[in-house]
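One letter stands for each residue in the lines below.
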Amino acid sequence: MTFRVLGPLTAEDERGPVDLKGPRHRAVLARLLVARSRVVPVDTIVADLWEDPPVGAVGAVQTFVAALRRALEPDRPPRTPARLLVTSGPGYVLRAEVVDAWQFEAAVSGTLGQVDAALALWRGPAYAEFADQPWARGEIARLDELRLLAVERRAAALLDAGHAAAAVPDLEEHVGGHPWREEAWRLLALAHYRAGRQGDALATLRRARRKLADELGIDPGPGLRQLEADVLAQAPAPAPAPVATTLVGRSEELARLAAAAGRDRTALALVAGEAGAGKTALAEAFAAHLAARGWRTAWGTSPDDEGAPAAWPWTTVLDGLPGTAPEPDPVRARWHRAVAGYLGAQAPLLVVLDDLHWADEETLALLASLVLEPLPHRVLVLATHRTTDVPPRLRDLLGRVARAEPARVYLTGLPAPAIRELVRATTGRDVDAATAAAIHRRSGGNPFFVRELARLLDTGDLSDVPAGVRDVVRHRVATLPEPVQDVLRQASVQGVDVELELLPGDVLDALETAAQHGFLGEQGPGRFRFVHGLVRDTVYADVSTSRRARWHAAVAAALAERRRDEPAALAHHFLLAGNSSAAARYARAAAAEAERRFAPHQAARWWRVARDLGPPDDHVTAGLARTLAVTGGLAEARALRAELLGSAPALVAFDVPAIWTQHDDPVLARRIADAAERALADGPPPALRSRLLATIAVELRNTGDERARAAAREAEVIARGLGDPAVLAFALNARFMQSFDRAGMAPERAAFGAELAALPGLVPFEVLGHLILVQSGAALADLAAADRHAAAADALGAEHDIPLVGVFTDWYRAMRRSITGAPAEAAYRAAAARLGGTGMSGVDNGILGLALLCDRLQRGLPPVDGDFGAHEPWCRPLVEGSAAVIPPAPRDLLFEVRTCLHAITAVVRDDRATMARLYEDLLPAADELAGAGSGMVTLRPVAHYLGDLAVALGCDAEAHRAHADEIAARAGATHWLTRTGRRRGRTS
């Protein structure tokens, strides 16, 4: 039964929500929950429920309790005692096990992920419907304070993990709602400081000082004063603190154990899993959980030593409990009964028997006696054992106790989402999703393996085998018979997956023995799999290089004879066997196959092998360039493209989607366009002609003028007549690139995006379509649509490991914060950090400076200096008020935003001729947000700036103002409504 009080009071069992009856019934239940498993006398309940108790109030309370019992325990037989809402002495006690407030309290001091999960439990004010009751106010105040503390601890954890910028937005909201919490101010200032924004840190500290002085008449405390001194002295920001290891990803298992502890008799819980699965850690966490609820714990571990005294774990259990334990008795049954009575006297008691797989006969006999002849005491025995190498005596014990229906918890590998949290708990650092996935893949989720791999992040490579893991695996392998060890080594050459038919001789018995000892798992007839990649890698590493090559050659020969349609496997084994010519031949086929199923990283790897080991081939070079561009290797891809200028088929084989209208390498782009023009003169067939025309349009981008636009149109016409989706996709990309000859063309670009997103089997162009729809949706103030397409692009990027997708969606989400008035600077800086190093110099050329300038201007704040890069001519006059000549904006994704910046300056300069020209240029974009069509930066609605220009030119601006208000409302930009709806002068 789960009770929730962090919001409206609810209860829920396995059937779903429980009907808690009327207000008085709910008040009784809430009063008992507030008591936290302590007895509440009936007289107290009566006094709390009524200011002036009526006659028969005690009877009414009894009625409420009876109804609650029926609701909470609907399956309890008549005339049997209640087990949840229990009569005790002068009143009642609620023996609740799962209460969201208690879960929250337990997690407040946990890891960042645990604190996040704890804060997510809050659905509204604690005990919301009882806030006016005196008996609830103390608990409400305590929980509210804990929630505020959790917010601050979460921020501190983000700072410790090195994510200072990410902590800023929530801390800003926190200090706004609770301005007297000095720790919140200190954390916010420290977050700014660690993010490299000393000015913002000082401004925050001064805001705190003013707030405390003006409204409370006090000075800041020592923490704030010290931080201010550190900032002024430019002291180094404190380094993130290491985070203690804690239990991760086992909440469901803990809940199952908690349910087992609810029995009113001796009970057994069995926790099973492979070595390193976290059985002992789970037992320790559960012991701490019960200790917090008043339980006593005794612990015994079976030693891996045949010479230990009989029943040694029970000896250590009994020695750890108070009082005089019963002495061993020659009559086994008599001693068992004495121990059972002694343990019952300690109730509630948790007995942990760890490593039961090493337990002797006497230990198991006493355990069986306790479980099969239970006494009516709250004693829970939690026993852990391995799922592999189970000895016969333990198998017998497990069969005997089965009729007692023990709680069973099987620990498998941690789920992928838990890996990042465990790495953070182990090392104090965050890892990205790709690194977490690699750790999960190599470890199989085994917590011991995960922790060992996490420690490699600073000192080694994830492809290494951690020393601790290697020692454990080698020790276990050494226990196998020598012939089994040899077969296991031969099997490791195949990789993680092992096929019986590729191994020489009759080795099935050896593989089955290895499986029984937990090294392999059987996947189907003749198919096995190493239980962990790390196990396979350890075994493989112990094979000499020469023997590996011989065994790889044998596997390659077997594959070539049986399954020539597996080029990747053939290329892999021929490569490691040292057969370069065969490896290059199969690598080329493997690369083509990987591209067909859109696995660009694998394709790039095999194209590189084919290029390095095979003869020169333009087709191979084009394939490598194409896949490198998709996977993020743009600089190398451009260098490879330069080698292909003399081959038209190879030149157009680089049909990689393009989203940004400024080229990263304009000189190379012009050379490619010229080469395509020369190839057109040879009269190529239609498909090649369409691709050559599209190449011209895509390469020239915002510098192509009418020739590029005409090439894009003809490429589309040809492609539509061919019925080839790949040719059409590239032509549509060209049309998109040439759809900027005037402002306000977001609807036309949206049509291209929708068609691209719907083309079958072309993942890169499907991604391009969604990104175009993000841009056009944002331009038209349809943020809901833009959100959907950003999520779709992210999903494809994650599924197919396309790293550049997240760069653009991160920028969109930062821009979205700017549109809605949320703090955006931290998000912009985080997006810019991810953009750096991608090789997209056409994008990363002053874009952060432009974005931050626009963010300030659209909020009505004065401009500040920045690195404006290619956008310098339109930004610098606003910062310095210079009289420099401003050129017309290039016709590209940033045309509207640059033109609106120019308009702001023209209004200030009262340059009427320029204002009139800019008004005409911007008028077709009156329905759009200025710049949002880039998906990266934005000002206010274009209609707002048209209104400013109209006012400056002496024209009526009312229609533009109303239109700007309409667009602002559609975008959810209430801060624009305030300024555009109430002011009629010039604004930024």
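Here the residue numbering is sequential within each chain, running from 1 through the sequence in written order. Owing to the predicted nature of the model, reporting of local features is limited to residues with pLDDT of at least 70; listing and counting of side-chain atom pairs is limited to 80 or more, with chain, interface and lining totals taken over all residues. Hydrogens and water are ignored here; the side-chain numbers use all heavy atoms of the structure.

K.L.:
A description of the UniProt feature "domain: OmpR/PhoB-type" (unreviewed entry) in the chain should follow, citing residues and the corresponding values.
P.N.:
Residues annotated by UniProt as "domain: OmpR/PhoB-type" (unreviewed entry) correspond here to residues 1-96. Only runs of H or I of at least four residues qualify as helices and only runs of E of at least two qualify as strands under DSSP, and these elements are numbered from the N terminus. For residues 1-96, helix accounts for 38% and strand for 20%, while the C-alpha atoms at its two ends are 7 Å apart. UniProt positions are given in the numbering used here, feature names are shortened, and annotations may be inferred rather than shown by experiment.

K.L.:
So, the pattern of salt bridges: which residues are in play, and what are the values?
P.N.:
Any Lys or Arg side-chain nitrogen found within 4 Å of a carboxyl oxygen on Asp or Glu counts as a salt bridge. Applying the stated criterion across every chain yields a total of 59 salt bridges. For E636, the salt bridge goes to R608, with nearest N and O atoms at 2.9 Å. Taken together, the positions of E636 in helix α29 (residues 634-641) and R608 in helix α27 (residues 600-613) put the pair 28 residues apart, joining distant regions of the chain. The class of E636 is partly exposed, set by a relative accessible area of 35%. Residue R608 is classed as partly exposed on the basis of its relative accessible area, which comes to 31%. One salt bridge in this structure joins E716 and R735, with 2.4 Å as the shortest N-O distance. Here E716 is found in helix α33 (residues 705-722), whereas its partner R735 is found in helix α34 (residues 725-737), with 19 residues between them in sequence. The class of E716 is buried, set by a relative accessible area of 11%. A network of salt bridges, in which partner residues are shared, links E499, E501, R562, R563 and E566. Working definition: with a 1.4 Å probe on protein chains only, accessible area under 20% of the residue-type maximum means buried, over 50% means exposed, and in between means partly exposed.

K.L.:
Mind laying out the confidence of the model for the chain, listing which residues take part and the relevant values?
P.N.:
In low-pLDDT segments, the atomic positions of the prediction should not be examined closely. Summing up the model confidence of the chain, the mean pLDDT is 88 and the portion of residues at 70 or higher is 96%. Predicted confidence for residues 239-245 stays below pLDDT 50, and this span has 14 contacts to residues more than four positions away or in other chains. Per residue, pLDDT captures the predictor's confidence, and it can take any value from 0 to 100. A contact between two residues is defined here by any heavy atoms of the two lying within 4.5 Å. Under a pLDDT of 50 for its full length, residues 979-988 has, in the predicted model, 26 contacts with residues more than four places off or in other chains.

K.L.:
Account for the packing of aromatic side chains, with residues named and values stated.
P.N.:
Working definition: rings of Phe, Tyr and Trp (its six-membered ring) pair if their centres are within 6.5 Å, and the pair is stacked with planes under 30 degrees apart, edge-to-face with planes over 60 apart, and tilted otherwise. Across all of its chains, the model carries seven aromatic pairs by this definition. Aromatic pair F104 and W122: ring centres 5.4 Å apart, planes at 80 degrees, arrangement edge-to-face. Of this pair, F104 sits in helix α4 (residues 100-107) while W122 sits in the loop between α5 (112-119) and α6 (134-160); the two residues are 18 residues apart in sequence, bridging distant segments of the chain. On the accessibility criterion, F104 (0% relative accessible area) is buried. Plain terms: the ring middles of F736 and F740 are 5.8 Å apart, the flat faces sit at 75 degrees to each other, and that makes the pair edge-to-face. Take F736: its relative accessible area is 0%, and that puts it in the buried class. Consider the ring centre and the ring normal. A charge sits over the ring if Lys NZ or Arg CZ is within 6 Å of that centre and within 35 degrees of that normal. Positioned above the aromatic ring of W122, the side-chain terminus of R147 is 5.7 Å from the ring centre. One Lys or Arg, R605, reaches over the ring of W606 and ends 4.1 Å from the middle of that ring.

K.L.:
Please set out the sheet that holds strand β7 (residues 98-99) residue by residue, giving values where relevant.
P.N.:
Read from one edge of the open sheet, four strands run β3-β2-β1-β7, paired in mixed fashion. Taken across any chain shown, the strands that pair with only one partner, and hence form the sheet edges, are β3 (16-17) and β7. Note: strand β1 (residues 2-4) against β7, two bridges, orientation parallel. Across the sheet, T2 pairs through a bridge with V98, a residue of β7. By definition, two strands form a pair when at least two bridges between them are found by DSSP.

K.L.:
Before we move on, can you summarise the environment of I718 with the specific residues and values?
P.N.:
On the secondary structure map, I718 appears in helix α33. Residue I718 is classed as buried on the basis of its relative accessible area, which comes to 19%. Note: C-alpha distance between I718 and A288 (430 residues apart in sequence) is 72 Å. Those residues in contact with I718 that lie beyond four places of it in its chain are P686, R689, S690 and L693.

K.L.:
Which residues make up the sheet that holds strand β11 (residues 379-386), and what values do they have?
P.N.:
Strand order in this open sheet of five strands is β9-β10-β11-β8-β12, and the pairing throughout is parallel. Two strands in the sheet have a free side with no partner beyond their single neighbour: β9 (296-301) and β12 (407-411). Neighbour to neighbour, the strand axes of the sheet diverge by 15 degrees on average, direction disregarded. As a rule, the C-alpha atoms of each element are fitted with a line to give its axis, helices using only the stretch in contact, and angles between N-to-C directions run from 0 to 180 degrees.

K.L.:
Explain the packing of helix α20 (residues 467-477) against helix α23 (residues 533-541) residue by residue, including any values.
P.N.:
Two numbers describe how α20 lies on α23: the axes approach to 10 Å, and their chain directions differ by 75 degrees. When the interaxial angle is binned, α20 and α23 end up roughly perpendicular. Counted together, V469, R470, V473, R474 and V477 of α20 and L534, V535, T538 and V539 of α23 form the full contact between these two elements. The residue classification treats Ala, Val, Leu, Ile, Met, Phe, Trp, Tyr, Cys and Pro as nonpolar and Asp, Glu, Lys and Arg as charged. All others, Gly included, are polar. Classifying every residue of the contact of α20 with α23 gives six nonpolar, one polar and two charged. Throughout, the term roughly parallel applies to angles under 35 degrees, roughly antiparallel to angles over 145, roughly perpendicular to angles from 65 to 115, and oblique to all others.

K.L.:
How would you sum up unusual backbone geometry? Please name residues and give values.
P.N.:
Cis geometry is adopted by the peptide bond preceding P348, which originates at A347 and carries an omega value of -5 degrees. Positionally, P348 belongs in the loop between α14 (332-344) and β10 (349-354). Despite not being glycine, D801 shows a phi value in the positive range, around 55 degrees. What makes D801 partly exposed here is its relative accessible area of 41%.

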